[in-house]
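Each chain, letter by letter, is given below.
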Amino acid sequence: MGGVTTGLTYIRTGQYYLNRGGAYKDFFPEALKLSEGNFYVDYGYHLAPISSSHIK
């Protein structure tokens, strides 16, 4: 047996990601809440620091 055991999702703020912008400290908890209990594999997120609001 084989298969995928881990998923790493690229995520950023904007219209294609929960239709929200702003700092990750405000955005990311909602993404984690929506993820909880909905994956059948280990998962993680790769966050893209594309504006200064993401690193403060």
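Residues numbered from 1 in each chain as written. Predicted model: local features only at pLDDT ≥ 70, side-chain atom pairs only at ≥ 80, totals over all residues. Heavy atoms only, no water.

> Describe the nonpolar core, listing the residues and the values that go with them.
Ranked by size, the top nonpolar core spans seven residues in total: I11, Y24, F27, F28, A31, Y45 and A48. Counting residues per element, this core draws most heavily on helix α1 (residues 24-35), at four residues. Setting aside residues no more than four positions away along its own chain, A31 makes contact with I11, L18 and Y45. (Core = buried A, V, L, I, M, F, W, Y, C linked by side-chain atoms within 4.5 Å. Buried < 20%, exposed > 50% of the residue type's maximum accessible area, 1.4 Å probe, protein only. Helix = DSSP H or I, 4+ residues; strand = E, 2+ residues; numbered from the N terminus. Contact = heavy atoms within 4.5 Å.)

> So, the environment of G14: which residues are in play, and what are the values?
When you line up the elements, G14 lands in the loop between β1 (6-11) and α1. Filtering out sequence-adjacent residues up to four positions away, G14 remains in contact with N19, R20 and G21.

> I'd love a proper account of the packing of aromatic side chains, names of residues and values included.
In this structure the tally under the stated criterion is four aromatic pairs. Consider the rings of F28 and Y45, whose centres lie 5.5 Å apart with planes at 90°: the pair is edge-to-face. One end of the pair, F28, is in helix α1; the other, Y45, is in strand β2 (residues 42-47), and 17 residues separate them in sequence. Taken together through their ring pairs, the aromatic side chains of F28, F39, Y43 and Y45 make up a single cluster. (Phe/Tyr/Trp six-rings, centres within 6.5 Å; stacked < 30°, edge-to-face > 60°.)

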